[in-house]
Amino acid sequence: MFCPNCGSDMGTAKFCPNCGAGASANAAPAAQPTIVINNVNSNSNVNENGMAGVGISAKSKIVALILAIFLGGLGIHRFYVGKIGSGILWLFTGGLFGIGWIYDIIKILSGTFRDGAGLPIVR
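For the structure given in this document, a descriptive report is provided here.

In this section: the nonpolar core. In terms of nonpolar packing, the biggest core is built from eight residues, these being Ala64, Leu65, Ala68, Val81, Ile105, Ile108, Phe113 and Ile121. Counting only elements with at least two residues in this core, the list comes to helix H1 (61–71) and helix H4 (99–110). At three residues, the largest contribution of residues to this core is made by H1. Those residues in contact with Ala68, other than ones at most four positions away along the chain, are His77, Trp101, Ile105 and Ile108.

This next bit is on H4. For H4, which comprises 12 residues, the first-to-last C-alpha distance of 17 Å matches the rise-based estimate of 16 Å (1.5 Å per residue) to within 8%. Those residues of H4 that sit buried are Gly100, Asp104, Ile105 and Ile108. Angularly, the buried residues of H4 cover 140° about the axis, an arc narrow enough to put them on a single face. The exposed set on the far side of H4, more than 90 degrees from its buried face, consists of Ile99, Ile106 and Leu109. Residues of H4 that are buried sit in contact with H1, helix H2 (76–81) and helix H3 (84–97). Trailing H4 by a residue or two, Gly111 shows a phi angle of about 85°, which is positive.

This part takes up unusual backbone geometry. One non-glycine residue, Leu96, lies in the positive phi region at around 50°. Judged by relative accessible area, Leu96 falls into the partly exposed class, the value being 30%. Of note, the phi angle at Phe97 is positive, near 60°, even though the residue is not glycine. With respect to the helices and strands, Phe97 occurs in helix H3.

Within this structure, the stated rule accounts for zero aromatic pairs. Here Arg78 stacks its cationic end above the ring of Trp90, 4.1 Å away from the centre of that ring. Sitting over the face of the ring of Phe113, Lys83 holds its NZ or CZ atom 4.5 Å from the ring centroid.

What counts, and where the lines are drawn
Counting starts from 1 at the beginning of each chain's written sequence and moves along it residue by residue. Per-residue local features of the predicted model are confined to residues with pLDDT of at least 70, and side-chain atom pairs are confined, for both listing and counting, to 80 or more; whole-chain, interface and lining totals are unaffected and use all residues. Remark: hydrogens and water are excluded; side-chain values derive from all non-hydrogen atoms of the structure. Nonpolar cores were defined as sets of buried Ala, Val, Leu, Ile, Met, Phe, Trp, Tyr and Cys residues, with membership established by side-chain atoms within 4.5 Å. The buried label goes to any residue with under 20% of its type's maximum accessible area, the exposed label to any with over 50%, and the partly exposed label to all in between, with areas taken from a 1.4 Å probe on protein chains only. Numbering goes from the N terminus for both helices and strands, where a helix is a DSSP run of H or I of at least four residues and a strand is a run of E of at least two. Contact criterion: two residues are considered in contact whenever any of their non-hydrogen atoms come within 4.5 Å of each other. By definition here, a helix of n residues has an expected span of 1.5 Å times n minus one. The arc under discussion is defined with respect to the helix axis, by the directions toward the C-beta atoms. Centres within 6.5 Å are what make two rings of Phe, Tyr or Trp a pair, Trp counting through its six-membered ring; a difference in plane orientation under 30 degrees is then read as stacked, over 60 as edge-to-face, and the rest as tilted. Remark: a charge is flagged as sitting over a ring if the NZ atom of Lys or the CZ atom of Arg is within 6 Å of the ring centre and within 35 degrees of the ring normal.

Right, dumping it as structure tokens:
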């Protein structure tokens, strides 16, 4: 059976899947549903330390650097920023045999070191 309104194949359906017209020639097209879109966005884009915009860690870069310089072989700076797993690794391997310790100091100084949540430590 073909739609009397648009000519598309209706099969055995009572209404045309293409235009919504009824099976008889003088039937009105089916009423279209009313769609209401309520776009309520309550995200204010403020991170946990009260700063707006791109996420920045609440941890201090200076504290992380001091801990890395003096206690980096024990991984204390990694515990401070919330990287517990790698902190334990640093603790048992002496800062990944000193290489990871120096690498972390360079990353902190350059501002590319990240905390446990993946946010950069820059302030």
